[in-house]
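A closer look at the structure
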2 protein chains.
Amino acid sequence: MARKQLHEQVGLRLAALDQRYTTSRRSLVEVLADTDRPMTISEILAARALPQSSAYRNLVVLGEAGVVHRVVATDDLSRFELSEALSGRHHHHLICGVCGMVADMDASPRLERALAEAAKAAGEGAGFEVTDHRIDLMGSCSDCR
Amino acid sequence: MARKQLHEQVGLRLAALDQRYTTSRRSLVEVLADTDRPMTISEILAARALPQSSAYRNLVVLGEAGVVHRVVATDDLSRFELSEALSGRHHHHLICGVCGMVADMDASPRLERALAEAAKAAGEGAGFEVTDHRIDLMGSCSDCR
DNA sequence: ATTCGTGCAAATAGTTTGCAGCAGA
DNA sequence: TCTGCTGCAAACTATTTGCACGAAT
């Protein structure tokens, strides 16, 4: 999605919640749009000077607006990425167990189909309504070997 | 696995690291063997009175010994389960986005095959060596609807 | 005996929040 | 203009650690 349209979309989503699209929120969206992997708070702050509390607060708001998505890896750092609704790329993650790095990985149709089937079975069995999924491949990245 | 053999296995794994199989460690293993879902620290402490610090410390040791495994869901509570090497059940998780509950879900062969293929492709593409994976179905549990 | 584990309390790390001043629609 | 956002600092929560005592080999 072009950068301009991206901001338009974000603006709309925020407006729907009576939230303003302020400079710091725009900053956060820019940073996340510029990268191809989920970013930690410190990475975000390294890219755009911004008080931590504003970063946290705005990421919450952007999360509620469906603009950003929180990724949980294995270390205890939150990572954030643009939501798939905005990035348009359904993907999963590679997670390095040594350094904690997280990289994006494109989804495979076959995997998605198998997953949909498993989700259906799980729902029937346990009265659980599946709305989303998360697939992570764990291992070691090239820097850690 | 029978309870007695389980403790034997745990004892061996701890011994391999020059660690003793003490009463509190045995307690932790028992609690985790008695349940079918990953447990938070507070759930564990509710089941067996034990100082928090001992629980945390021993879960680290049991983790290093490959006896327990830490499960990361979406809230910021660590959850622990018996490792698959000991439980013998390869499984994935259902995670409720409302209450944070985590339940076990048996793995499906088809899903595993599709995943193995995706893992191979990812490794080739990114110089990433895949050693494990994690699949979670997110949604809402029966209690939350 | 000597090494390792325990329990308490204090420390730490990441994240959240109260409040006074500032800015966007 | 008026409601909501910002920035600072203090608060909070989950987890980790230092240290002196106790237990296991």
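Per chain, residues are indexed from 1 in the order of the written sequence. Lettering of chains starts at A and numbering of ligands starts at 1, both following the order in which they are written. Only residues with pLDDT of at least 70 get local features here, since the model is predicted, and only at 80 or more are side-chain atom pairs given and counted; chain-wide, interface and lining totals rely on the full set of residues. Hydrogen atoms and water are omitted, and side-chain values are computed over all heavy atoms in the structure.

1. As for the overall build of chain A
- Numbered from the N terminus, helices here are DSSP runs of H or I no shorter than four residues, and strands are runs of E no shorter than two. Scanning chain A from terminus to terminus reveals 6 helices and 6 strands.
- Ordered by position from the N terminus, the helices and strands of chain A form the series α-α-β-α-α-β-β-α-β-β-α-β.
- Reported as C-alpha extents along the three principal axes, the dimensions of chain A are approximately 45 × 40 × 30 Å.
- The contact rule is simple, with two residues in contact once any of their heavy atoms fall within 4.5 Å. The contacts in chain A between residues at least 6 apart in sequence include a share of 48% that link residues at least 24 apart.
- For chain A, the exposed surface amounts to about 7500 Å²; the carbon and sulfur share of it is 50%. A 1.4 Å probe and the Shrake-Rupley method give the accessible areas. Residues count as covered only by the protein chains that appear here.

2. Some details on the sheet that holds strand β1 (residues 39-40) of chain B
Residue and element names in this part refer to chain B.
- For two strands to be treated as a pair, DSSP must find at least two bridges joining them. The strand order across the open sheet formed by 3 strands is β1-β3-β2, and the pairing between neighbours is antiparallel. Each end of this open sheet is capped by a strand with a single partner; those strands are β1 and β2 (68-72).
- What counts as an axis is a line fitted to C-alpha atoms, over the stretch in contact for a helix, and the angles between N-to-C directions run from 0 to 180 degrees. Here helix α2 (residues 23-33) sits on the sheet and contacts β1, β2 and β3 (78-82); the angle it forms with β3, its principal contact strand, is near 85 degrees.

3. Examining unusual backbone geometry
Residue and element names in this part refer to chain A.
- Its identity as a non-glycine residue notwithstanding, Asp 18 has a phi of 60 degrees, on the positive side.
- Within the fold, Asp 18 resides in the loop between α1 (3-15) and α2 (23-33).
- Residue exposure (1.4 Å probe, protein chains only): buried if accessible area is under 20% of the type maximum, exposed if over 50%, otherwise partly exposed. Taking relative accessible area as the criterion, Asp 18 reaches 73% and is therefore assigned exposed.

4. Remarks on the relation of the copies chain B and chain A
- Rotating chain B by 180 degrees and moving it 0.0 Å along the rotation axis overlays it on chain A with an RMSD of 0.0 Å. Such a combination of turn and shift is consistent with a two-fold rotation axis. Taking C-alpha positions as the reference, the residue of chain B nearest the rotation axis is Ile 135 of chain B, at 2.3 Å.
- Most of the interface of chain B is mirrored in chain A: 100% of its interface residues are interface residues there too. Least-squares superposition of the copies uses the C-alpha atoms of those residues scoring a pLDDT of at least 70 in each of them.

5. So, the protein's contact with DNA strand C
- What surrounds DNA strand C is a group of 20 residues, the closest being Tyr 56 and Ser 78 of chain A together with Gln 19, Ser 24 and Arg 57 of chain B.
- Within 4 Å of the protein, the contacting atoms of DNA strand C are drawn from sugar and phosphate to the extent of 58%.
- For the surface near DNA strand C, the residue count by class is 4 nonpolar, 10 polar and 6 charged. If a single non-hydrogen atom of a residue is within 4 Å of a molecule or strand, that residue counts as near it. Only Asp, Glu, Lys and Arg are considered charged, only Ala, Val, Leu, Ile, Met, Phe, Trp, Tyr, Cys and Pro nonpolar, and every remaining residue, Gly among them, polar.

6. Observations concerning the domain arrangement of chain A
Residues and elements named next belong to chain A.
- For every domain, the bounds stem from an assignment made automatically or drawn from a database. Taken domain by domain, chain A consists of domain 1 (1-89) and domain 2 (91-145).
- Computed from C-alpha atoms alone, the centre-to-centre distance between domain 1 and domain 2 is 22 Å.
- Taken together, the contacts link 12 residues of domain 1 with 11 residues of domain 2.
- Here the buried area means the combined drop in accessible surface, using a 1.4 Å probe, for two parts upon being joined, counting both sides. Buried area between domain 1 and domain 2, both sides added, is near 1000 Å², and the carbon and sulfur share of it is 46%.
- If you sort the residues of domain 1 by the area they bury against domain 2, Arg 37, Thr 74 and Arg 89 come out on top, with a joint share of 40%.
- Each reported salt bridge corresponds to a side-chain nitrogen of Lys or Arg within 4 Å of a carboxyl oxygen of Asp or Glu. Our count for the contact surface shared by domain 1 and domain 2 stands at 2 salt bridges.
- Its salt-bridge partner being Arg 89, residue Asp 106 comes within 3.6 Å of it at the nearest N-O pair.
- We define a polar contact as two N or O atoms separated by no more than 3.5 Å, with the added condition that, inside protein, one atom must be a possible hydrogen donor and the other a possible acceptor, whereas residues neighbouring each other in sequence contribute only through side-chain atom pairs. Run the count over domain 1 and domain 2 and you get 6 residue pairs in polar contact (both at pLDDT 80 or more).

7. Quick notes on the layout of surface pockets
- Of the pockets and cavities examined, the largest pocket occupies roughly 790 Å³.
- Taken together, 33 residues line the largest pocket, and the ones lying closest to its centre are Thr 74 of chain A together with His 69, Arg 70, Val 71 and Asp 132 of chain B.
- Among the secondary structure elements, those contributing two or more residues to the lining of the largest pocket are β4 (91-96) and β6 (129-140) of chain A together with α4 (52-64), β2, β3, β4 (91-96) and β6 (129-140) of chain B.
- Among the elements that take part in the lining of the largest pocket, β6 of chain B stands out by supplying 6 residues, more than any other.
- By residue class, the composition of the lining of the largest pocket is 11 nonpolar, 14 polar and 8 charged.
- Taken as a whole, the second largest pocket encloses approximately 630 Å³ of empty space.
- Element by element, the count of residues in the lining of the second largest pocket is highest for β6 of chain A, at 6 residues. A 1.4 Å probe that fits but cannot get out identifies a cavity on a 1 Å grid over protein atoms alone, an open set with protein on both sides within 12 Å along at least five of seven lines counts as a pocket, and a residue lines either if it has an atom within 4 Å of a point. Grid points are joined across faces, edges and corners, and a volume is the space filled by probe spheres set on the points.

8. Some remarks on the state of the cysteines
- Disulfides are defined as pairs of cysteine sulfur atoms found within 2.5 Å of each other. The full count for this structure, using the stated rule, is 0 disulfides over all chains.
- Of all cysteine sulfurs, the one in Cys 144 of chain A lies closest to Cys 99 of chain A, which takes part in no disulfide; the gap is 3.6 Å.
- We classify Cys 99 of chain A as partly exposed; its relative accessible area is 44%.
- In this structure Cys 141 of chain B is not part of a disulfide, and its nearest cysteine sulfur, from Cys 96 of chain B, lies 3.7 Å away.
- Accessibility expressed as a relative area gives 5% for Cys 141 of chain B, which makes it buried.

9. Thoughts on the sheet that holds β4 of chain B
- If you trace the 6 strands from one edge of the open sheet to the other, you get β5(A)-β4(A)-β6(A)-β6(B)-β4(B)-β5(B), paired in mixed fashion. Strands with a single pairing partner mark the edges of an open sheet, and in this sheet they are β5 (102-106) of chain A together with β5 (102-106) of chain B. Each strand of the sheet is rotated relative to its neighbour by a mean of 30 degrees, with strand direction disregarded.
- Sheet topology note: the β6 of chain A/β6 of chain B ladder contains 11 bridges and is antiparallel. Note on β6 of chain B: the bridge partner recorded for Asp 132 of chain A is Met 138 of chain B.

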